[in-house]
Amino acid sequence: MIEVRKFNKLSYTVRFPEGYTGGKMPVILHIHGAGGRGTDIEIIRDHYIHHALDKINENRFIVVSPQCYADTWFEIFNELLDFAEMVRNAEYTDDKHFYAMGASMGGYTTWQIAMTRPEYFAAIVPVCGGGMYWNAARLKDIPIRAFHGALDTTVLPEESVHMVAAVNNNGGKAELTVYPDMAHNSWERAFADDEMWKWMFSQKRG
């Protein structure tokens with residue numbers, strides 16, 4: 001069940017597991033890439049993450065997906081921070097099991113929101129993204145699994161390599177999977193990985 005909601009200027013969807021009747025659950029803040037920008041919320045309702053979760057019958061999470069109405073998430077980053085705080089405090093969120101993930105532009109934003117609010121997240125999964133590796137010490141206490149395609153020419157895999165190395169050089173717990181046969185669409189492989197979802201579900205803040 002996917003509901004469409006509004007928070008200030010941000011439209012967003014909430015995917016509830018089949019049979020959900022209330023109560024707190026693990027929640028994923030899903031941050032889309034450049035292809036999801038605009039004001040047509042149906043793009044977000046029909047996002048690849050939902051098809052991937054349906055295919056593997058993954059029902060352990062509520063997935064909350066805001067839509068970027070600007071050119072980039074960084075233009076409205078403060079709004080996204082407010083949104084993340086709202087979701088973290090929502091009646092359906094188990095704040096010990098609050099996660100962030102995203103691909104491409106959403107991968108960059110996943111790295112950045114975790115560095116800005118490291119106290120929020122039990123784990124993050126940035127896909128084909130990158131970030132300010134000189135600030136990676138702020139991520140040392142967050143379990144991280146990053147993914148990238150070796151053939152990616154849109155966002156070079158070195159972007160993920162630098163971030164993961166910087167986190168680990170600061171005492172963190174980051175892992176990187178590079179798919180040798182994937183280009184920029186590495187989210188297709190990452191989101192279809194049942195082991196990744198099991199790993200995420202096992203992570204608990206604090």
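Structure first, text after, so check above.
Just so it is clear, the structure is predicted and the values come from calculations on it, not from any experiment.

Draft legend 1. Quick peek at the packing of aromatic side chains. Enumeration according to the criterion identifies 14 aromatic pairs in this entry. Arranged with centres 6.4 Å apart and planes meeting at 50°, the rings of Phe191 and Trp197 form a pair that is tilted. Residue Phe191 is classed as buried on the basis of its relative accessible area, which comes to 0%. Note on Trp197: relative accessible area 0%, which makes it buried. One aromatic cluster is present, built from ring pairs that chain together Tyr48, Phe61, Tyr99, Phe191, Trp197 and Phe201. Of note, Arg60 hangs over the ring of Phe201, and the distance from its end group to the ring centre comes to 5.2 Å.

Draft legend 2. Quick look at the packing of helix H3 (residues 77-88) against helix H4 (residues 105-116). At their nearest, the axes of H3 and H4 sit 11 Å apart, and the two run at 65° to each other. When the axes of H3 and H4 are compared, the pair comes out roughly perpendicular. The hand of the H3/H4 crossing is right-handed. Note on element contacts: H4 touches H3 through Thr109, Gln112, Ile113 and Thr116, opposite Phe77, Leu80, Leu81 and Ala84.

Draft legend 3. Examining the pairing of strand S7 (residues 143-149) more closely. Within S7, 6 of the 7 residues are buried, which leaves the element mostly enclosed by the surrounding structure. Examined bridge by bridge, strand S6 (residues 123-127) and S7 share 2 bridges and lie parallel to one another. Pairing of Ile124 across the sheet is with Ile144, part of S7. Two elements, S7 and strand S8 (residues 173-179), share 7 bridges in a ladder whose sense is parallel.

Draft legend 4. Representation of the pairing of strand S3 (residues 25-31) in the model. Taking burial as the measure, the 7 residues of S3 include 7 buried ones, the bulk of the element. Where S3 meets strand S5 (residues 93-103), 6 bridges bridge the pair, whose relative direction is parallel. By the bridge assignment, Ile31 is partnered in S5 with Gly102. With 3 bridges joining them, S3 and strand S4 (residues 62-66) adopt parallel strand pairing. Among the inter-strand pairings, Ile28 is bridged to a residue of S4, identified as Val63.

Draft legend 5. Focus on the nonpolar core. Counting 43 residues, the largest nonpolar core has Val64, Phe83, Tyr92, Trp111, Ile113, Phe121 and Leu139 as the members making the most contacts within it. Of all the secondary structure elements, the ones that give two or more residues to this core are strand S2 (10-15), S3, S4, H3, S5, H4, S7 and helix H5 (158-169). In terms of residues, this core owes the most to one element, H3, which gives 6 residues. Leave out the neighbours within four places in its chain, and Leu139 touches Trp111, Ala114, Met115, Ile144, Met163 and Val167. Within the second largest apolar cluster, 23 residues are counted, among which are Ile28, Tyr99, Met101 and Val125.

Conventions adopted
- Residues numbered from 1 in each chain as written.
- Predicted model: local features only at pLDDT ≥ 70, side-chain atom pairs only at ≥ 80, totals over all residues.
- Heavy atoms only, no water.
- Phe/Tyr/Trp six-rings, centres within 6.5 Å; stacked < 30°, edge-to-face > 60°.
- Buried < 20%, exposed > 50% of the residue type's maximum accessible area, 1.4 Å probe, protein only.
- Lys NZ or Arg CZ within 6 Å of the ring centre and 35° of its normal.
- Axes fitted to C-alpha atoms, helices over the stretch in contact; angles between N-to-C directions.
- Helix = DSSP H or I, 4+ residues; strand = E, 2+ residues; numbered from the N terminus.
- Parallel < 35°, antiparallel > 145°, perpendicular 65-115°, else oblique.
- Left-handed = near helix turned anticlockwise from the far one by under 90°.
- Contact = heavy atoms within 4.5 Å.
- Pairing = 2+ DSSP bridges.
- Core = buried A, V, L, I, M, F, W, Y, C linked by side-chain atoms within 4.5 Å.

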